[in-house]
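The chain contents come next:
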Amino acid sequence: MNHLKVLNLFNHLFISLVYVDQTPKGPTVRRKNALRNIIILLATVSIVSFFGLKRTLTDFRQMISSVTDIVHLLKYFINADIMYTILSGMYQHSLKVIVIVNEAIAIDYTMQRVCTLMKNRFAIRHTLLKMLTGAIMLLRGSFFLMYLYLQFRYNISYELYLVLHANLLVELSMDLQKLFLLYFALYMIQRYRILANLLDRSDPTTMAVVFKVFEDLITFKKHLSKTFGLHLLALILQTFVACSIHAYLIVVEQRHIFQQIANVAQLVINLTLFFILTYYYDCVEIKEAELKDALKSMQYTNLKRQSRDQKDFYDLVNLKLMMESPKITACGLFEINLQIFYNVFAAIITYIVILFQFRGFEKSP
């Protein structure tokens, strides 16, 4: 199960406290680098909070003198609050994440017992995750170089320089948090696909395993939603605020070309990651529904050849399939799917209009 090793990447990048060791007896999940990851991220967000608050209290009148300055202040304030929430959740729910990963390992073992050839289907290279991680780190790294140029060109204050770099690490951390949550969606989609392929064999033993794994995936989803519900809600709020602010700044900040490029890049990063996250969680529901339909239709294939036990088994399966499956939600408030992406996108446009209305009041005599 080498596909689980990708979780170690997020541990090394301070995003997760979970680490998967490959032992002769199989993969073992444990908590690793918990203190290091929490302290480094906590120190980073504390720098943003302390120096940002200090500068705000020192130049309060200047900081609230225009809508542009206010949205900058709002961005740093919300980023810090969201990061504190995520760090608290990382520490409190680390043991629950270990349980979730162990459930994934158990699901894979159950599926592998059906067919030895299944090992090839588990060999996922996670190309999408690796590509997105590399692209995000490259783009955020370019912002680091931009801040170095600003320091050299305009000799900005040391405190502001620290805030810029610390906030850069905070935003990178939130981007990687979205990719960490994306991993579990990709995992479930792949397992639903494998189960759908196994249905072609239609022998009783395979059918029993397919239905057991299907029920295990339902439990997996339920635990995933309870564990990461607050994370999802916080990241949705961060996406909404970041996209609204950077879309507004693209229009109003036109003094330097690098400002426009940075704002466009920030907008694209946040929108793209949020779209990918919601798209694949939407695919989870689609693949689950397709598998449900396939399981229901199995009852009506080869009716004459079915034994009494098989018919009773199919009746039991259909009875359980009639129950509604749990959804992956943000603290139970709304389901994570493409619809929430469209809703957030509409809210972003509305918020931009409100910001321009305030800017109009600012310019009026």
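Residues numbered from 1 in each chain as written. Predicted model: local features only at pLDDT ≥ 70, side-chain atom pairs only at ≥ 80, totals over all residues. Heavy atoms only, no water.

**Student:** Describe in detail the packing of helix 2 (residues 34-58) against helix 4 (residues 67-92), supporting the description with residues and values.
**Tutor:** Where helix 2 contacts helix 4, the axes come no closer than 10 Å and their chain directions differ by 155°. Judged by the angle between their axes, helix 2 and helix 4 are roughly antiparallel. Helix-helix and strand crossings are classified by hand; for helix 2 and helix 4 the assignment is left-handed. In contact with Ile38, Leu41, Leu42, Val45, Ser46, Val48, Ser49 and Thr56 of helix 2, helix 4 contributes Leu73, Tyr76, Ala80, Met83, Tyr84, Leu87, Met90 and Tyr91. Along the lines of polarity and charge, the residues of the contact of helix 2 with helix 4 split into 13 nonpolar, three polar and no charged. (Axes fitted to C-alpha atoms, helices over the stretch in contact; angles between N-to-C directions. Helix = DSSP H or I, 4+ residues; strand = E, 2+ residues; numbered from the N terminus. Parallel < 35°, antiparallel > 145°, perpendicular 65-115°, else oblique. Left-handed = near helix turned anticlockwise from the far one by under 90°. Contact = heavy atoms within 4.5 Å. Nonpolar A, V, L, I, M, F, W, Y, C, P; charged D, E, K, R; others polar.)

**Student:** Break down unusual backbone geometry for me, citing the residues and quoting the values.
**Tutor:** A positive phi angle is found at phenylalanine 14, which is not glycine, with a value near 70°. A relative accessible area of 25% places phenylalanine 14 in the partly exposed class. At asparagine 33, a position not held by glycine, the phi torsion is positive, near 55°. Relative to the assigned elements, asparagine 33 resides in the loop between strand 2 (26-31) and helix 2. (Buried < 20%, exposed > 50% of the residue type's maximum accessible area, 1.4 Å probe, protein only.)

**Student:** So, a nonpolar patch on the surface: which residues are in play, and what are the values?
**Tutor:** Residues Phe144, Leu145 and Leu148 make up a contiguous nonpolar surface patch of roughly 270 Å² in combined accessible area. Summarising the element assignment, leucine 145 is placed in helix 7 (residues 127-154). (Patch = residues over 30% accessible without salt bridge, like charges linked within 9 Å, V, L, I, M, F, W, Y side chains within 5 Å. Areas by Shrake-Rupley, 256 points an atom, 1.4 Å probe, with all protein chains shown as cover. Salt bridge = Lys/Arg side-chain N within 4 Å of Asp/Glu carboxyl O.)

**Student:** Give a description of the packing of helix 7 against helix 8 (residues 158-198) that names residues and reports values.
**Tutor:** Between helix 7 and helix 8, the shortest axis-to-axis distance is 10 Å and the interhelical angle comes to 175°. Taken together, helix 7 and helix 8 sit at an angle that is classed as roughly antiparallel. Each of Leu128, Leu129, Leu132, Thr133, Ile136, Met137, Arg140, Phe143, Phe144, Tyr147, Leu148 and Gln151 in helix 7 lies in contact with helix 8, whose residues at this interface are Tyr161, Leu164, His165, Leu168, Glu171, Leu172, Asp175, Leu176, Leu179, Leu182, Tyr183 and Leu186. When grouped by side-chain class, the residues that make up the contact of helix 7 with helix 8 number 18 nonpolar, three polar and three charged.

**Student:** Now, about the pattern of salt bridges: what can you tell me, with residues and values included?
**Tutor:** Opposite charge on two side chains allows them to pair when their charged atoms are near. Per the stated rule, a full pass over the model turns up 10 salt bridges. A salt bridge links aspartate 216 to lysine 212; its shortest N-O distance comes to 3.1 Å. Of the two residues, aspartate 216 and lysine 212 both sit in helix 9 (residues 204-252), four residues apart, roughly one turn of that helix. Residue glutamate 290 is joined to lysine 287 by a salt bridge in which the shortest nitrogen-to-oxygen separation is 3.7 Å. Highlighted residues: glutamate 290 and lysine 287, both in helix 10 (residues 257-297), separated by three residues, approximately one helical turn. Its relative accessible area of 23% is what places lysine 287 among the partly exposed residues. The structure contains a network of salt bridges with shared partners spanning Lys75, Arg140, Glu171 and Asp175.

**Student:** Which residues make up the UniProt feature "transmembrane region" (unreviewed entry) in the chain, and what values go with them?
**Tutor:** Mapped onto the present numbering, the UniProt feature "transmembrane region" (unreviewed entry) falls on residues 34-53, 128-150, 162-186, 228-251, 257-281 and 340-358. With 100% helix and 0% strand, the stretch residues 34-53 has end C-alpha atoms that lie 28 Å from each other. Taken as a whole, residues 340-358 contains 100% helix and 0% strand, while its terminal C-alpha atoms sit 27 Å from one another. (UniProt positions renumbered as here; feature names shortened; annotations may be inferred.)

**Student:** Kindly report on the packing of aromatic side chains, identifying the contributing residues and their values.
**Tutor:** Aromatic rings considered in pairs are described by the distance between their centres and by the relative angle of their planes. In total, this model carries 18 aromatic pairs according to the counting rule given. With 5.4 Å between their ring centres and 85° between their planes, phenylalanine 180 and phenylalanine 184 make a pair best called edge-to-face. Here phenylalanine 184 and phenylalanine 180 lie together in helix 8, a separation of four residues that amounts to about one turn. Relative accessible area serves as the criterion here: at 4%, phenylalanine 180 is assigned to the buried category. Under the relative-accessibility criterion, phenylalanine 184 is labelled buried at 2%. Site record: aromatic cluster; members linked through ring pairs are Phe10, Phe180, Tyr183, Phe184, Tyr187, Phe220 and Phe228. Its guanidinium or amino end placed over the ring of tyrosine 19, lysine 32 lies 3.9 Å from that ring's centre, counting from NZ or CZ. (Phe/Tyr/Trp six-rings, centres within 6.5 Å; stacked < 30°, edge-to-face > 60°. Lys NZ or Arg CZ within 6 Å of the ring centre and 35° of its normal.)

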